[in-house]
Amino acid sequence: MTERIPVVENILNANDRIALDNQKRLTDAGVFCINLMASPGAGKTSLIERMLPVLSERMSIAVIDGDVASSIDADRAAAAGATAVQINTGGQCHLDATQLRHALDELELGTFDLLIVENVGNLICPASFKIGAHTSVLIASVPEGDDKPYKYPGMYHGVDALVINKTDLLPYIDFDMPYFRRGVELLNQELVSFPLSCKTGEGLDAWIRWVEERTAQAQKA
Ligand code: MG
Ligand code: ZN
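Computed from a predicted model, the values in this text were never measured in an experiment.

Caption draft 1: Structural detail: the overall build of the protein chain. If you tally the helices and strands in the protein chain, you get eight helices and seven strands. In terms of overall dimensions, the protein chain has C-alpha extents of about 55 × 45 × 35 Å along its principal axes. When the accessible surface of the protein chain is summed, it comes to about 10800 Å², and 52% of that surface belongs to carbon and sulfur atoms. Positive and negative side-chain charges in the protein chain, numbering 19 and 30 respectively, have mean positions lying 2 Å apart.

Caption draft 2: Highlighting the sheet that holds strand β7 (residues 192-195). Sheet architecture is open: seven strands sit in the order β3-β2-β4-β1-β5-β6-β7, paired in parallel fashion. Every interior strand has two partners, whereas the edge strands, β3 (83-88) and β7, have only one. Going from strand to strand, the sheet's axes swing by 20° on average, the running direction of each strand aside. The pairing of strand β5 (residues 135-141) with strand β6 (residues 161-165) spans five bridges and is parallel. Residue pairing for β6: valine 137 is matched across the bridge by alanine 161. Seen against the sheet, helix α3 (residues 72-79) touches β2 (61-67), β3 and β4 (114-118) and runs at an angle of roughly 175° to β3.

Caption draft 3: The coordination of the magnesium ion (ligand 1), seen in detail. Here the magnesium ion (ligand 1) is held by the protein donor atoms Thr45 (OG1), Asp73 (OD) and Glu118 (OE), which lie 2.0 to 2.1 Å from it. Judged by its relative accessible area of 11%, aspartate 73 is buried. Classification of glutamate 118 as buried rests on a relative accessible area of 2%.

Caption draft 4: Here's a closer look at the coordination of the zinc ion (ligand 2). Protein coordination at the zinc ion (ligand 2) comes from Cys93 (SG), His94 (ND1) and Cys125 (SG), with a distance range of 2.0 to 2.2 Å. For the zinc ion (ligand 2), the single-chain donor residues occur in sequence as C-H-x30-C. Remark: cysteine 125 occurs in the loop between β4 and β5 and cysteine 93 occurs in the loop between β3 and α4 (97-105); sequence separation between them is 32 residues. Overall, cysteine 93 belongs to the partly exposed group, its relative accessible area being 35%. Using a relative accessible area of 17% as the deciding quantity, one classes cysteine 125 as buried.

Caption draft 5: Quick look at the nonpolar core. Counting 29 residues, the largest nonpolar core has Leu47, Leu114 and Trp207 as the members making the most contacts within it. Of all the elements in the fold, those that place two or more residues in this core are β1 (32-38), α2 (44-55), β2, β4, β5, β6 and α8 (204-220). The residues contacting leucine 47, other than those within four sequence positions of it, are Ile139, Val163, Leu196, Cys198, Leu204 and Trp207.

Caption draft 6: Geometry of the packing of aromatic side chains. Following the criterion strictly, the structure yields six aromatic pairs and no others. Judged by centre distance (5.1 Å) and plane angle (45°), the ring pair of phenylalanine 175 and phenylalanine 180 falls under tilted. A single burial state applies to phenylalanine 175 and to phenylalanine 180, both of which are buried. With a centroid separation of 5.8 Å and an interplanar angle of 55°, the aromatic rings of phenylalanine 194 and tryptophan 210 are classed as tilted. In this pair, phenylalanine 194 sits in strand β7 while tryptophan 210 sits in helix α8, placing the two residues 16 residues apart along the sequence.

Caption draft 7: Structural context of the side chain of glutamine 86. The topology assignment puts glutamine 86 in strand β3. A polar contact is formed between the side chain of glutamine 86 and the backbone oxygen of aspartate 65, at a distance of 3.1 Å. For glutamine 86, the side chain forms a polar contact with the main-chain nitrogen of alanine 74, separated by 3.1 Å. Every residue in contact with glutamine 86, bar those within four places of it in the chain, is listed here: Asp65, Gly66, Asp67, Ser70, Ser71, Ile72, Asp73 and Ala74.

Each value, and the rule that gives it
Residues numbered from 1 in each chain as written. Chains lettered and ligands numbered in written order. Predicted model: local features only at pLDDT ≥ 70, side-chain atom pairs only at ≥ 80, totals over all residues. Heavy atoms only, no water. Helix = DSSP H or I, 4+ residues; strand = E, 2+ residues; numbered from the N terminus. Areas by Shrake-Rupley, 256 points an atom, 1.4 Å probe, with all protein chains shown as cover. Lys, Arg positive; Asp, Glu negative; His and termini not counted. Charge placed at Lys NZ, Arg CZ, Asp CG, Glu CD. Pairing = 2+ DSSP bridges. Axes fitted to C-alpha atoms, helices over the stretch in contact; angles between N-to-C directions. Contact = heavy atoms within 4.5 Å. Donors = N, O, S within 2.8 Å, 3.2 Å for Na, K, Ca; no water. Buried < 20%, exposed > 50% of the residue type's maximum accessible area, 1.4 Å probe, protein only. Core = buried A, V, L, I, M, F, W, Y, C linked by side-chain atoms within 4.5 Å. Phe/Tyr/Trp six-rings, centres within 6.5 Å; stacked < 30°, edge-to-face > 60°. Polar contact = N/O pair within 3.5 Å; in protein donor to acceptor, adjacent residues only side chain to side chain.

Quick look at the structure:
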């Protein structure tokens, strides 16, 4: 048992070093990078599909999709107008910095303003593996339940923004928003949140404006 801990720490340290390299590479190329995380089915790809038509008019966007298998999500991002790269993790339940580094090799980084990385659907280990993104965003969706901040504190603790998706389902589901928000605030008081529905489009404007402003700020700096 005591032998295992240093091994895990070394893996994380090596990963963090590569993540720093990735971030420098992105910064030098003038690309703002978002690490988009969520449980499976929360709406990561749907949100990307909603963002692309609006943001593509103002900036050049690439999408990297992490999945255990298939290229379904990268195909959807490409169909929505982005340059898309699929990473198949071959069973690994999160993206790591080395995988992102290889995916960055596939892109002509200098031609993009924004890179959206759709992480593997999972609320546990993606929070522990830095990939080199400038900001981390979590999508929670109403049907997952209002107790998720209490059950997956690591994920809620480490992100910069929270999208609350599928708000169109609120009338049909027992989701106690004040209870959910209390759980979030206990973990992360800085967290900016965007309730929205990818289905109806309600609330998308504020989220898209945030992405646009953060991208512009990063490029100015
Ligand atoms: Mg997806
Ligand atoms: Zn994992």
